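What follows is each chain in one-letter form.
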Amino acid sequence: MAIFVGDAQADRIVPPTGFTARLTLFASGAMAFLAVFALALSLASGRLAQRWGQELAQSSTLRISAPVEQLAAQTAAALKVLETTPGVAEARALTAEEQRALLAPWFGPDLPVENLPIPQLISIEETSGGYDAAGLRLRLQAEVPGAILDDHTRWRKPLQQAASRLRLLGFVSIILIAAVTGTIITLAANAALAANARLIAVLRLVGAQDSYIAKAFVRRFTLRALSGAAVGTVVGLIAVLILPSAQDQGGFLTGLGFQGASWLWLVLLPILAAVVAFLATGAAARRTLSELR
């Protein structure tokens, strides 16, 4: 590819160092560093939404509120209804220890569950096809007046929507980062072309075509963006890797990272920066060279 092979004579047109070179390297590196975190956030949000959906979609909770003397009878009746409900794979009443463990984060581990009027919870595991929630509610209303079915819909949808919006925000951030990178590289290319106006005039006098001059600038700025973005990506990856690994106790913020095929995004970041630089420098070179006629 001409971008990588280059032309020794054409390379002399573009100063190898200077303000524009440092600006291009720094901008592409910094933007790639930020893009790594935007990608990590977006991918982690996608995994979070998938996990929430899987964990909540196939489970439900039945809550029975009744006087103490009726609680055992209503619990047994509810379990009988659930056992005969198509789509229910398993249903079991939580023990006092399990309910105490659920309440421990709010009330402490020594809560006397046996002496408090706490509703009885029944855990429901669904089959892959699920059950008819509306029909089950009608049956429970008739046979177990104190039962309230929670199919987790009101919890699942807002959480999935929030995670999906975070994922979208991550990709929008990457687009904005690419736009900012292109803008900075365009300004740097314009500055480099304007600073070398006399050299460009001399080259024209000896017969150099504008396309020849433009290719030299495009190649240099593209390679600078590629190398700067590669360094920024590596630094960003190191920063992500030193974050805590995913843990149930840590929740979302400890799950930032890359898994499986998502590692390929890190390879694409420097390439994307090079493409942006190629397009931005090409447009800037054509416009500035036409103004320098």
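In this structure the tally under the stated criterion is 2 aromatic pairs. A cation over an aromatic ring shows up here: Arg224 above the ring of Phe221, its NZ or CZ 5.1 Å from the ring centre.

Right, let's get into helix 6 (residues 133–143). Every buried residue of helix 6 is listed here: Ala133, Leu136 and Leu140. Across the axial projection of helix 6, the buried residues extend over an arc of 60°, all falling on one side. In this structure, helix 6 carries Ala134, Leu138, Gln141 and Ala142 as exposed residues pointing more than 90 degrees from its buried face. Those residues of helix 6 hidden inside the fold are in contact with strand 1 (59–64), helix 4 (68–83) and strand 4 (147–150). Where helix 6 starts, the residue carrying a side-chain oxygen 3.3 Å from the main-chain nitrogen of Ala134 turns out to be Asp132.

Summing up the model confidence of the chain, the mean pLDDT is 78 and the portion of residues at 70 or higher is 80%. Of the regions scoring below 50 in pLDDT, residues 248–252 engages in 4 contacts with residues more than four places distant in sequence or in other chains.

Turning our eyes to something else, we now look at the environment of Gly29. Take Gly29: it is sitting in helix 3 (residues 19–57). Along the sequence, Gly29 and Gly232 sit 203 residues apart, while their C-alpha atoms lie 4.1 Å from each other. If we skip the residues at most four places from it in the chain, Gly29 touches Gly228, Ala229 and Gly232.

Read across the sheet, 4 strands follow the order 2-3-1-4 without closing on themselves; strand pairing throughout is antiparallel. Strand pairing shows two members of the sheet lacking a second neighbour, strand 2 (88–93) and strand 4, which therefore form its edges. Each adjacent strand pair in this sheet contributes to an overall mean axis angle of 20°, direction not counted. Running at roughly 10° to strand 3 (residues 120–126), helix 4 makes contact with strand 1, strand 2 and strand 3 of the sheet. Packing against the sheet, helix 6 makes contact with strand 1 and strand 4, and its axis sits at approximately 170° to strand 4.

Bringing empty space enclosed by the protein into the picture now. Scanning the entire structure with this criterion turns up 1 cavity of 30 Å³ or more. Size it by volume and the largest cavity reaches roughly 120 Å³. Forming the boundary of the largest cavity are 13 residues, of which Ile177, Thr181, Leu269, Leu272 and Ala273 lie nearest the centre. Those elements giving two or more residues to the lining of the largest cavity turn out to be helix 3, helix 7 (153–195) and helix 10 (264–291).

The subject of this paragraph is the pairing of strand 3. Going residue by residue along strand 3, you find Gln120, Ile122, Ile124 and Glu126 tucked away on one face and Leu121, Ser123 and Glu125 left uncovered on the opposite face. Alignment of strand 2 against strand 3, held across 5 bridges, turns out to be antiparallel. The residue of strand 3 that forms the bridge with Arg92 is Ser123.

Now for the environment of Thr61. Of note, Thr61 is situated in strand 1. Judged by its relative accessible area of 25%, Thr61 falls in the partly exposed class. Sequence spacing of Thr61 and Asp151 is 90 residues, and the spatial spacing of their C-alpha atoms is 6.4 Å.

Mapping Ala284 onto the fold places it in helix 10. Since its relative accessible area comes to 0%, Ala284 is described here as buried. In this structure the C-alpha to C-alpha distance between Ala284 and Ala191, which are 93 residues apart in sequence, comes to 9.8 Å. Sequence-distant contacts of Ala284, defined by excluding residues within four places in its chain, comprise Thr186, Ala189, Asn190 and Leu193.

We now examine the pattern of salt bridges. Overall, the coordinates contain 1 salt bridge when judged by the stated rule. Across the pair Glu98 and Arg92 runs a salt bridge whose closest N-O atoms are separated by 2.9 Å. Glu98 gets classed as partly exposed once you look at its relative accessible area, which sits at 28%.

Conventions and cut-offs
- Residues numbered from 1 in each chain as written.
- Predicted model: local features only at pLDDT ≥ 70, side-chain atom pairs only at ≥ 80, totals over all residues.
- Heavy atoms only, no water.
- Phe/Tyr/Trp six-rings, centres within 6.5 Å; stacked < 30°, edge-to-face > 60°.
- Lys NZ or Arg CZ within 6 Å of the ring centre and 35° of its normal.
- Buried < 20%, exposed > 50% of the residue type's maximum accessible area, 1.4 Å probe, protein only.
- Helix = DSSP H or I, 4+ residues; strand = E, 2+ residues; numbered from the N terminus.
- Arc of directions from axis to C-beta.
- Contact = heavy atoms within 4.5 Å.
- Polar contact = N/O pair within 3.5 Å; in protein donor to acceptor, adjacent residues only side chain to side chain.
- pLDDT = per-residue confidence, 0-100.
- Pairing = 2+ DSSP bridges.
- Axes fitted to C-alpha atoms, helices over the stretch in contact; angles between N-to-C directions.
- 1 Å grid on protein atoms, 1.4 Å probe; cavity = no way out; pocket = protein on both sides within 12 Å on 5 of 7 lines; lining within 4 Å.
- Points joined across faces, edges and corners; volume = space filled by probe spheres on them.
- Salt bridge = Lys/Arg side-chain N within 4 Å of Asp/Glu carboxyl O.

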